[in-house]
Amino acid sequence: MIMLLALGSSLCSAQMPNSFDASGKSAQSESGVPADQNGGDAANPQLFGMEIPLLDPSTDTVKYNGGFFDVGNNAVVRARFEKYLSQKPDESAKSKDYRSKIGKILKLTERYTKGKRPGSKVLVSIGKTLYDISDYSGDAGQSAALASALVSALDAQRANFERDRESEQLEKEIDELVKRTNSLNNRNTQRGSGATGNIKPSGQSNNSRYRSNDILIAHNTTKVAENKALRVKNDAENAANLLAAKTSYQSMMASFLLQRRFDHALIAARLYRHVFRDGDTKLNIKEDSDLGKVFSGVGGLPPTVSMIDQLASNARREVDQNIESVHSLLAQNKLAAATQRLVEAVAVGEYMQSVATFPEADRLRILEFWELRKKALTTLNHRDYEQLQAVATRMKELDADFDDSLLRSYCKGKMNESNLHLRNARKAIAAGDEETFNAEVRLAGEIWPLNPNIDKGMEQIEELDSQDYLKDDFRSLVAAGDLRGVYNRRDEMKVVAMDKELGSQYEEAVTFIGGLDEMLRLLDGQAQSVGEYGACMAWEELDRYSREDERYARDSAFKDAVNTYRVRANDFVGAMEKAAEMEKRREYGSALSCYYYARSKYPNSKLAQEGIERVSRLILDGSYDMKD
């Protein structure tokens, strides 16, 4: 129980970074061993024969019975607390009835500790109530065990009482037999001395009476011995039975205490002196047993039932005060302190009513903060300092009093240290020192494995290594007029931009194709907004682009767009193409007719209007040779 108190009090320590070095291992002293393992340290103090756990807040470790525990990463403590936080408080009718009856029994037994003595009917009533509530799942059969122990103790007392009554009867019989024997002895003595007068009985008659008296005396003597033996046997059985009943009852009380069932331990301790009324409350525990080491006494005094009463009462008071403190701290949004207090309360009084009924909403608030703290420990172990800073920020948002300066300064120092090694690596690669470069990059990765600058540096190295063949591929694509091929591999080929000869060509190709794609996107939006003439308008715009710059006509995406709009504006495009063909063949009348037809399909066509004006001028001016 004491160990759990220490563990719980340290789980929310803000001194997390000091628990780990850059490699994520537990912090050690200069001698290479954990700080509290140094040979010069004084031994831990003892209480009840048990070593008191000592918390080292600088390393977040606890020394207990020769062992060292990293409480921040203690799986058992963490799992039990997380299970508690994830559970809903049991507010069922059965649980409320259980808690109510336990509370009534506690009040009833408290009254009997103030000088009153409960009758057998009250004890029987308490036992029946315990049996009734033992089927509640949260009880785990503890109430039935206590009721059975009460019944066993009372049965043992009744058996002892019956044997005591039998011994009293035997004592009376012994006294009566002794009186008879003494009387017979006196008669024999008087007859032998003639104390009865001068009449001398016959010898035969005297001898017969002597023998009869001797037989009765012998019988009485034997019966007295038998009765004394039975009385001694009863006394021995009473002592053994009482010791066995006390040992069983005391073991149960100690078990309740060690299991942190403080309500049951308190009830059992309060009823002890009313069940066993001999006034002896010493605990019959073997000194060399594990339990004996816990209850080895205080100041040389033997352990008593009152000690269990005091320990259980103090534990209940501490738990209830911790829960009250948690509610107060939550009201002030002090989640770090509230989490620490709740860990202590759960570790010690997991089965107490104040802990079991802790509200679900408050559990969820603490669970969120607890998960963040756990994530902080995990990210610290993995040396993910950017994530750790984000977690610290969130913890600060939830709890304004949370001191995140230690986390932030630690993270910033490690990140700067890693970046400094990368800076040295860049200098080394620039100087052609590959060995130093590799060493500096390795050190940077060990300090901060997720440093994004490491990936950037490695990408630059890979780009430098692949520069020659990328230049060849770039030249081939440009020579073939495949600027889109360059654009599609722009990230891979960006190293070419560093080349003085090819850099301008790379930027020109990427800029041209990027602008072309943007133009196609805008043109498609315009075509959709125009309606039935949209496809005609788009095709005409693409035709103009292709005549202005032949690079457009060589691009695959541009060709696909032209073909798409040609299909959508088939009549208009067909008329324009036929008009151009007739004009080329100097069949101006047919050409003019086709241009007019094209304009009828798309009245706003600039190309159709230009064709009409051009051909009309040729016809009116007669500036063509009929022979041609």
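Above this text sits the structure in question.
Computed from a predicted structure; not experimentally measured.

Colleague: Just checking my understanding: could you explain the overall build of the protein for this structure?
Modeller: Tallying secondary structure elements over the protein gives 25 helices and 5 strands in all. Buried residues in the protein amount to 40% of all 628 residues. Counted over contacts in the protein with a minimum sequence separation of 6, partners at least 24 positions apart contribute 66%. Of the roughly 34,300 Å² that the protein leaves accessible, carbon and sulfur atoms contribute 50%.

Colleague: Which parts of the structure should I look at to understand the packing of aromatic side chains?
Modeller: Aromatic rings considered in pairs are described by the distance between their centres and by the relative angle of their planes. Under the defined criterion, the tally for this structure stands at 14 aromatic pairs. Consider the rings of W539 and F572, whose centres lie 6.0 Å apart with planes at 85 degrees: the pair is edge-to-face. Taken together, the residues span a long stretch of sequence, with W539 in helix α20 (residues 534–548) and F572 in helix α23 (residues 570–584) at a distance of 33 residues. One aromatic cluster is present, built from ring pairs that chain together F512, Y545, Y552 and F558. When the ring centre of Y487 is taken as origin, the NZ or CZ atom of R490, which lies over that ring, is 4.1 Å away. R544 extends its terminal NZ or CZ atom over the ring of Y545, reaching a point 4.9 Å from the ring centre.

Colleague: Teacher, can you tell me more about the pattern of salt bridges here?
Modeller: Close approach of charged atoms allows side chains of opposite charge to pair. For the structure shown, the criterion picks out 30 salt bridges. When the shortest N-O distance is used, the salt bridge between E171 and R231 registers 1.8 Å. Here E171 is found in helix α5 (residues 142–193), whereas its partner R231 is found in helix α6 (residues 203–258), with 60 residues between them in sequence. Of the residues examined, R231 reaches a relative accessible area of 24% and is grouped as partly exposed. For R394, the salt bridge identified is with E397, shortest N-O distance 3.1 Å. Of this pair, R394 and E397 both sit in helix α13 (residues 385–398), separated by 3 residues, roughly a single helical turn. Owing to a relative accessible area of 31%, R394 belongs among the partly exposed residues under this scheme. Within the structure, one salt-bridge network assembled from shared partners comprises R80, R260 and E350.

Colleague: What's the story with the packing of helix α19 (residues 503–530) against helix α22 (residues 556–568) in this structure? I'm lost.
Modeller: For any two helices packed against each other, one specifies the inter-axial angle together with the distance between the axes. It is at 11 Å that the axes of α19 and α22 come closest, and there the two elements cross at 15 degrees. For the element pair α19 / α22, the angle class is roughly parallel. Read as a crossing pair, α19 and α22 show a hand that is left-handed. From α19, L516, M519, L520, L523, D524 and A527 reach across to α22, where they touch A557, F558, A561, Y565 and R568. Split by residue class, the contact of α19 with α22 holds 9 nonpolar, no polar and 2 charged.

Colleague: Before we go on, may I ask you to explain the side chain of N322 in this structure?
Modeller: Summarising the element assignment, N322 is placed in helix α9 (residues 305–331). You can call N322 buried: its relative accessible area is 12%. Excluding its chain neighbours within four sequence positions, the residues that come into contact with N322 are R341, E344 and A345.

Colleague: What's the story with the layout of surface pockets in this structure? I'm lost.
Modeller: To find leftover empty space, a probe the size of one water molecule is rolled over the atoms. In this structure, the largest pocket encloses a volume near 570 Å³. Considering the residues around the largest pocket, the lining is formed by 26 residues, among which Y136, G138, E350, Y351 and A356 are closest to the centre. With 4 residues, helix α3 (residues 93–112) is the largest single contributor of residues to the lining of the largest pocket. Residue composition of the lining of the largest pocket, by class: 10 nonpolar, 6 polar and 10 charged.

Colleague: I'm lost on the nonpolar core in this one. Help?
Modeller: One recurring pattern in soluble globular proteins is that nonpolar side chains are buried together. One finds F81, Y249, M253, L342 and I366 to be the most contacted residues of the largest nonpolar core, which totals 77 residues. Sorting elements by how many residues they give to this core places α9 first, with 11 residues. With sequence-adjacent residues up to four places away left out, I366 is seen in contact with F81, L85, V326, L330, A338, T339, L342 and F358. Counting residues in each nonpolar core, the second largest holds 48 residues, with L483, A569, A579 and L592 among its members.

The rules we used
Residues numbered from 1 in each chain as written. Predicted model: local features only at pLDDT ≥ 70, side-chain atom pairs only at ≥ 80, totals over all residues. Heavy atoms only, no water. Helix = DSSP H or I, 4+ residues; strand = E, 2+ residues; numbered from the N terminus. Buried < 20%, exposed > 50% of the residue type's maximum accessible area, 1.4 Å probe, protein only. Contact = heavy atoms within 4.5 Å. Areas by Shrake-Rupley, 256 points an atom, 1.4 Å probe, with all protein chains shown as cover. Phe/Tyr/Trp six-rings, centres within 6.5 Å; stacked < 30°, edge-to-face > 60°. Lys NZ or Arg CZ within 6 Å of the ring centre and 35° of its normal. Salt bridge = Lys/Arg side-chain N within 4 Å of Asp/Glu carboxyl O. Axes fitted to C-alpha atoms, helices over the stretch in contact; angles between N-to-C directions. Parallel < 35°, antiparallel > 145°, perpendicular 65-115°, else oblique. Left-handed = near helix turned anticlockwise from the far one by under 90°. Nonpolar A, V, L, I, M, F, W, Y, C, P; charged D, E, K, R; others polar. 1 Å grid on protein atoms, 1.4 Å probe; cavity = no way out; pocket = protein on both sides within 12 Å on 5 of 7 lines; lining within 4 Å. Points joined across faces, edges and corners; volume = space filled by probe spheres on them. Core = buried A, V, L, I, M, F, W, Y, C linked by side-chain atoms within 4.5 Å.

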